[in-house]
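Results of the structural survey
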Amino acid sequence: MGQTLTAVADRLTDLSRQRFMDPYQRVGWPPVLDPTDWQFAPELMAGWGLPAVAELSPEAQKKLSLCEALNFFSLNIHGEKLLLQGLARRLHEPRFRQVSGYLQHFIDEENRHLHWFGEFCRRYGRIYPSRHIALAAEPLPEGAEDFLFFARILVFEEIVDAYNARLGRDERLSPTARLINRLHHEDEVRHRAFGRHLVRQLWVDGVKDWPQAVRSALGQRLGAWLQAVWRGFYNPDVYRDAGLSQPHALMRAAWDTPAARALRHAVTTPVTGFLERIGAFAHEVAA
Amino acid sequence: MNGATSRPAALREWINQRAGPVADDTPLIANRLIDSLQLMELVLFIEELTDRPLRAEQLVPDAFSDIETICRRFFDEAAHTEGNP
């Protein structure tokens, strides 16, 4: 790994130490959330703009926003569990020795996010199960597996952080939901910076040794991952729990609205553009 | 779509549209006829057919190995528990 990456990891380690906190005291948990507050920005809700949602009473729309927040935090829980597993597996591997100090903080910070998301979901609703079922795939060379793991994490974190950044400063949200998103965003800024440097380095270090079949497989699997991440934002459980009928039809309709397509494109383009620039995507992958 | 008798037919049609014509015991995952993204969509499709979300412990690859298994795991159970969600 290059000196630049090591320097970045050292600088981010310093920043993480400066921001060290007790996550179990940082967020206060009111016994109940104010039902007149939004828990998720309405225009970021998957079904916003659909007639079935527009016709809801303001109270019912707030309830739907709670379900959207529960789904968003559940997506984060599932994504961060995968992240923690992969980070823990690599933490003491010699090939990651130069960045292992930062990986330790990465793990610590993801663990505190899990605490916040889990507490919110358990206190005010539930954790929605993931419908993503991992299938055994053709094994790749070790370096390509590393690249794929960190590139998937980068894609995931860039997408959710686009939401965190907006939700964390949205005054309409309950103080609890807003704070969790803000704190998450503050950590994710560092994780994304590290992720871009590491993903670029892993690609540069490995690509010259990977045959075309491996490079194609990486592109395909990243594209499928991108689709799967976005699919998770459109969850019929949200509509069912909010009391709406025909939740699957609503999910499909929400996916297809022009506003939803535009949002996915806007959120996805920065990370797919980055992957294109380093050569990992031969062409833009539509979300 | 909720009639128990129409579910296997609807499932076969869904699979055939994506994997081509297959027998009920053709391995779908082992033969890589459906990928992980399609599997996610299949879960949603089964939920819609049975009008209930699948439980987390049901979301394992073995439960979706072929059409026969899917029918047994999800449609037989749904028929037996009809009206008892």
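Going by the structure above, here's the rest.
These notes cover the structure that comes with them.

How each quantity is defined
Residues numbered from 1 in each chain as written. Chains lettered and ligands numbered in written order. Predicted model: local features only at pLDDT ≥ 70, side-chain atom pairs only at ≥ 80, totals over all residues. Heavy atoms only, no water. Helix = DSSP H or I, 4+ residues; strand = E, 2+ residues; numbered from the N terminus. Rg over C-alpha atoms; globule rule 2.2 N^0.38 Å. Buried < 20%, exposed > 50% of the residue type's maximum accessible area, 1.4 Å probe, protein only. Contact = heavy atoms within 4.5 Å. Areas by Shrake-Rupley, 256 points an atom, 1.4 Å probe, with all protein chains shown as cover. Disulfide = S-S within 2.5 Å. 1 Å grid on protein atoms, 1.4 Å probe; cavity = no way out; pocket = protein on both sides within 12 Å on 5 of 7 lines; lining within 4 Å. Points joined across faces, edges and corners; volume = space filled by probe spheres on them. Nonpolar A, V, L, I, M, F, W, Y, C, P; charged D, E, K, R; others polar. Buried area = accessible area lost by both parts, 1.4 Å probe. Salt bridge = Lys/Arg side-chain N within 4 Å of Asp/Glu carboxyl O. Polar contact = N/O pair within 3.5 Å; in protein donor to acceptor, adjacent residues only side chain to side chain. Core = buried A, V, L, I, M, F, W, Y, C linked by side-chain atoms within 4.5 Å.

When its secondary structure is counted, chain A shows 11 helices and zero strands. Put simply, chain A runs from its N terminus to its C terminus through helices and strands in the order α-α-α-α-α-α-α-α-α-α-α. Computed over C-alpha atoms, the radius of gyration of chain A comes to 19 Å, within 12% of the 19 Å expected from 2.2 N^0.38 for 287 residues, which places it in the range of a compact globule. In terms of overall dimensions, chain A has C-alpha extents of about 60 × 40 × 30 Å along its principal axes. Within chain A, buried positions represent 56% of all 287 residues. If you take every contact in chain A between residues at least 6 apart in sequence, the share linking residues at least 24 apart comes to 81%. Entry remark: accessible area of chain A is about 12500 Å², with carbon and sulfur atoms responsible for 54%.

Now for the overall build of chain B. Along chain B, the regular secondary structure elements total three helices and zero strands. What you see in chain B, going N to C, is helices and strands ordered as α-α-α. The burial tally for chain B puts 44% of its 85 residues in the buried class. Summarising the internal contacts of chain B: among those between residues at least 6 apart in sequence, 61% fall at separations of at least 24.

Residue and element names in this part refer to chain A. Under the criterion given, the structure shown has zero disulfides over all chains. Between C67, a free cysteine, and C121, which holds the nearest cysteine sulfur, the sulfur-to-sulfur gap is 11 Å. Relative accessible area serves as the criterion here: at 2%, C67 is assigned to the buried category. Taking relative accessible area as the criterion, C121 reaches 0% and is therefore assigned buried.

Once that is clear, we can look at empty space enclosed by the protein. Residue and element names in this part refer to chain A. A complete count under the given rule lists one cavity of 30 Å³ or more for this structure. Taken as a whole, the largest cavity holds about 40 Å³ of empty space. Lining the largest cavity we find F106, F150, I153, L154, E157, H191 and G195. Among the secondary structure elements, those contributing two or more residues to the lining of the largest cavity are α6 (142-167) and α7 (175-207). Ranked by residue count, the leading element in the lining of the largest cavity is α6, at four residues. A class-by-class count of the residues in the lining of the largest cavity yields four nonpolar, two polar and one charged.

A few words now on the interface of chain B and chain A. Accessible area lost when the parts come together is the quantity often used to give the size of an interface. Between chain B and chain A, the residue contacts involve 19 residues of the former and 21 residues of the latter. Summing the contributions of chain B and of chain A, the shared interface buries around 1700 Å²; its carbon and sulfur component is 67%. Sorting the residues of chain B by area buried against chain A places L37, M40 and L44 of chain B first, and these three jointly supply 32% of that buried surface. Where chain B meets chain A, there are four salt bridges. The salt bridge involving E138 of chain A is made with R32 of chain B; its shortest N-O contact spans 3.5 Å. Summed over the shared surface of chain B and chain A, the number is five residue pairs in polar contact (both at pLDDT 80 or more). Looking at the side of chain B that touches chain A residue by residue, the class counts come to 13 nonpolar, one polar and five charged.

Turning our eyes to something else, we now look at the environment of D170 of chain A. Residues and elements named next belong to chain A. Tracing the sequence through the fold places D170 in the loop between α6 and α7. Take D170: its relative accessible area is 10%, and that puts it in the buried class. Along the primary structure D170 and R90 are separated by 80 residues, whereas in three dimensions their C-alpha atoms are 37 Å apart. When neighbours within four sequence positions are excluded, D170 is seen to be in contact with A41 and R178.

This part is about the nonpolar core. All names here are of chain A. If you look at the biggest cluster of nonpolar residues, it comprises 96 residues, and the most contacted ones within it are F120, F147, F194, F233 and L275. Broken down by element, this core gets its largest block of residues, 14 residues, from α6. Here L275 is in contact with V155, V199, L222, A280 and F281, once residues within four sequence places are set aside.

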